Amino acid sequence: MSAREPPIMETTDAFIGLTCVDCGETFDAEVGTHRCPDCDGILDPEYDYDEIDLSRSDLESRRFDTMWKYEELLPFTRDSAVTMDEGATPLVECPNLAEQMGVGRVLLKDEGRNPTGTFKDRGQTMAVTAAAQHGATDVALASAGNAGQAAAAYAARADIQSHVFLPTRAGFTNKAMVNVHGGDMTVVEGRIGDAGAAYADAMADEDWYSVKTFVTPYRHEGKKTMFYEIAEQMDWEVPDAVVYPTGGGVGLVGMHKAAKEFRELGLTDDLPAMYAAQSSGCAPIVKAWEEGEDAHEAWETPDTICGGIEIPDPGASPMILDALRESDGGAVATSDEDILDSAVAVAQQEGLEMGATCAAAASGAWELAQQGEFDEDDTVVLLNTGAGNKDDDVLRSHLMGMGV
């Protein structure tokens, strides 16, 4: 790892270290920087919850201005964070969608309001903070697009060089902004797997600090703050269902962890049912769920316009499937046409701009409602993980194809 002299890590009081989800070994955060050094399993931040004295009134007394208001439940102190005040996104009432789905309420968590326009900022503020605290001079990742843009932005904020590997199909906005933020961008012919292979080749030769999903232990930890905010925004009532557009499943895993934490601390009483929504052109999680498997099989021929969730071989599928089972949720796949139709419908009926990929949550929720998965008084939260203008060309092309 390219490094300057690392500062003393500024971690929070309850943060114990990083525990491997496979072998159960726990490592100090200064030692366990990425995957488990013993078995190469995913490392997950662990806390001593008995050390956390946090009430609803404590949280309500703090300004709702950044995800770092939940500092006690995060690994790093707010003062040490590489941050641009990410998080604190609105939870918007969608009465037209609720009526159409036949449920009590539909709420849309609009992550498009983050600094670089997607929920990836929540993960990269945490991952780049870890990189800075470990003294890294260079960070690297392969990305479908949005995570690469976010990594370049937060690396720039931290005065760290970024190396971003994107597939050719990544959106123009992502590519342009990686450059604008000063990132070193490699565009690889093909899809996310091809970008990942090029990244792996480069990492074999370079001493860069990885901020790749589930390689760094911190990206899913940043994204768990989405649930903290949802619970507080709903006056500590837990939604009946959360529908999440799922590729690598980082946010779903993070939110499920957050829900368990809030329940353990007595801040909420229950867990929301978590639903993974995928495109039928690349649905390894849905297939594993329907077949009752504990892990996925790689999707042989991915074919979806929803590049952000076209992850044919999600490495953390056991954690995703565990979250679905523990929360009494499920998984659903819909066609690209239905997903794009849903993005247009949300924009025209509620005025909200969902990214093309993100609209899998809306499409999936409509399908789940038709299947009778929801009760008429349920509250359903849709995760809009990115701004619609990231995919404006895709959405407009679909709209023209509809003859509108």
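Everything numeric in this text was worked out from a predicted model, so none of it was measured.

Novice: Where do I start with the overall build of the chain in this structure?
Specialist: Each helix and strand in the chain was counted, giving 14 helices and 13 strands. In summary, the chain has a C-alpha radius of gyration of 20 Å against a globular reference of 22 Å for 404 residues, a match within 12%. The buried share of the chain, reckoned over its 404 residues, is 60%. Intrachain contacts of the chain at a sequence separation of at least 6 include 71% that bridge at least 24 residues. Entry remark: accessible area of the chain is about 15700 Å², with carbon and sulfur atoms responsible for 42%.

Novice: For this particular structure, what's the right way to read the pattern of salt bridges?
Specialist: One side chain can pair with another of opposite charge once the charged atoms of both are near each other. Tallied over the entire structure, the rule returns 17 salt bridges. For Glu229, the salt bridge goes to Lys109, with nearest N and O atoms at 2.7 Å. One end of the pair, Glu229, is in helix H8 (residues 225-233); the other, Lys109, is in strand S5 (residues 105-110), and 120 residues separate them in sequence. Accessibility assignment for this pair places Glu229 and Lys109 in one class, buried. Between Arg169 and Glu310 there is a salt bridge, with the nearest N and O atoms lying 2.9 Å from each other. On the criterion of sequence distance, the pair formed by Arg169 in the loop between strand S7 (161-167) and helix H5 (172-180) and Glu310 in the loop between helix H10 (284-290) and helix H11 (317-326) is long-range, its members being 141 residues apart. Among the residues examined, Glu310 registers a relative accessible area of 1% and is labelled buried. Through salt bridges that share partners, Asp44, Glu221, Lys224, Lys257 and Glu261 make up one connected network.

Novice: Sorry if this is basic, but what is going on with the environment of Thr357 here?
Specialist: The topology assignment puts Thr357 in the loop between helix H12 (336-350) and helix H13 (360-370). Taking the C-alpha atoms as reference points, Thr357 and Arg62, separated by 295 residues in sequence, lie 33 Å from one another. What Thr357 contacts, discounting residues up to four positions off in sequence, is Pro245, Cys306, Gly307, Gly308, Ile309 and Asp391.

Novice: Help me out: how do you make sense of the UniProt feature "domain: Tryptophan synthase beta chain-like PALP" (unreviewed entry) in the chain in this one?
Specialist: Those residues carrying the UniProt feature "domain: Tryptophan synthase beta chain-like PALP" (unreviewed entry) are residues 82-386 in this numbering. Measuring from the first to the last C-alpha atom of residues 82-386 gives 21 Å, for a span that is 42% helix and 17% strand.

Novice: How should I be thinking about H5 in this particular structure?
Specialist: Those residues of H5 lying buried are Asn174, Lys175 and Val178. Here the buried residues of H5 occupy an arc of 95° about the axis, which is enough to place them on one side. For H5, exposure combined with an orientation more than 90 degrees from the buried face picks out Phe172 and Val180. Elements in contact with the buried residues of H5: helix H4 (146-157), S7 and strand S8 (184-188). The positive-phi residue at the C-terminal boundary of H5 is Gly182, with phi of around 90°.

Novice: Looking at this structure, how should I read the sheet that holds strand S3 (residues 43-47)?
Specialist: Note: strands within a sheet are paired through backbone hydrogen bonds, in either parallel or antiparallel orientation. A sheet is described by the order of its strands in space; here three strands give the open sequence S2-S1-S3, paired in antiparallel fashion. Edge positions in the sheet fall to strand S2 (26-27) and S3, since each has one partner strand and no second. By the bridge criterion, two bridges tie strand S1 (residues 15-20) to S2 in an arrangement that is antiparallel. The residue bridging Thr19 from the neighbouring strand is Thr26, located in S2.

Novice: Sorry, what's going on with the packing of helix H9 (residues 250-264) against H11 here?
Specialist: Packed helix pairs are specified by the crossing angle of their axes together with the interaxial distance, meaning the distance between the axes. Direction vectors running N to C along H9 and H11 enclose 45°, while the axes themselves pass 9 Å from each other. As far as their axial angle goes, H11 and H9 are oblique. For the crossing formed where H9 meets H11, the hand is left-handed. Between H9 and H11, the residues in contact are Leu252, Val253, His256 and Lys260 and Met319, Ile320, Ala323, Leu324 and Glu326, respectively. Counted by class, the contact of H9 with H11 contains six nonpolar, one polar and two charged residues.

Novice: I would appreciate a short explanation of the environment of Glu25 in the present structure.
Specialist: Mapping Glu25 onto the fold places it in the loop between S1 and S2. On the basis of relative accessible area, Glu25 is assigned to the partly exposed category, the value being 39%. Sequence-wise, Glu25 and Pro245 are 220 residues apart; in three dimensions their C-alpha atoms are separated by 31 Å. Contact partners of Glu25, with chain neighbours within four places excluded, come to Leu18, Thr19, Cys20 and Asp38.

Novice: Which parts of the structure should I look at to understand the sheet that holds strand S13 (residues 379-384)?
Specialist: Here we have six strands laid out as an open sheet, ordered S4-S5-S13-S10-S11-S12, and mixed in their pairing. Edge positions in the open sheet fall to strand S4 (91-93) and strand S12 (330-334), since each of these has one partner strand only. Averaged over all adjacent pairs, the angle separating strand axes in this sheet is 25°, with direction ignored. Note: S5 against S13, six bridges, orientation parallel. Bridge pairing links Val106 to Val380 in S13.

Novice: What is the right way to look at unusual backbone geometry in this model?
Specialist: In terms of backbone geometry, most residues other than glycine have negative phi values and most peptide bonds are trans. A positive phi is found at Asp159, a non-glycine position, where the angle reads about 60°. Positive phi, close to 55°, is recorded for Asp235, a residue that is not glycine. Looking at where Asp235 falls in the secondary structure, it is placed in the loop between H8 and strand S10 (241-245). Taking relative accessible area as the criterion, Asp235 reaches 60% and is therefore assigned exposed.

Conventions and cut-offs
- Residues numbered from 1 in each chain as written.
- Predicted model: local features only at pLDDT ≥ 70, side-chain atom pairs only at ≥ 80, totals over all residues.
- Heavy atoms only, no water.
- Helix = DSSP H or I, 4+ residues; strand = E, 2+ residues; numbered from the N terminus.
- Rg over C-alpha atoms; globule rule 2.2 N^0.38 Å.
- Buried < 20%, exposed > 50% of the residue type's maximum accessible area, 1.4 Å probe, protein only.
- Contact = heavy atoms within 4.5 Å.
- Areas by Shrake-Rupley, 256 points an atom, 1.4 Å probe, with all protein chains shown as cover.
- Salt bridge = Lys/Arg side-chain N within 4 Å of Asp/Glu carboxyl O.
- UniProt positions renumbered as here; feature names shortened; annotations may be inferred.
- Arc of directions from axis to C-beta.
- Pairing = 2+ DSSP bridges.
- Axes fitted to C-alpha atoms, helices over the stretch in contact; angles between N-to-C directions.
- Parallel < 35°, antiparallel > 145°, perpendicular 65-115°, else oblique.
- Left-handed = near helix turned anticlockwise from the far one by under 90°.
- Nonpolar A, V, L, I, M, F, W, Y, C, P; charged D, E, K, R; others polar.

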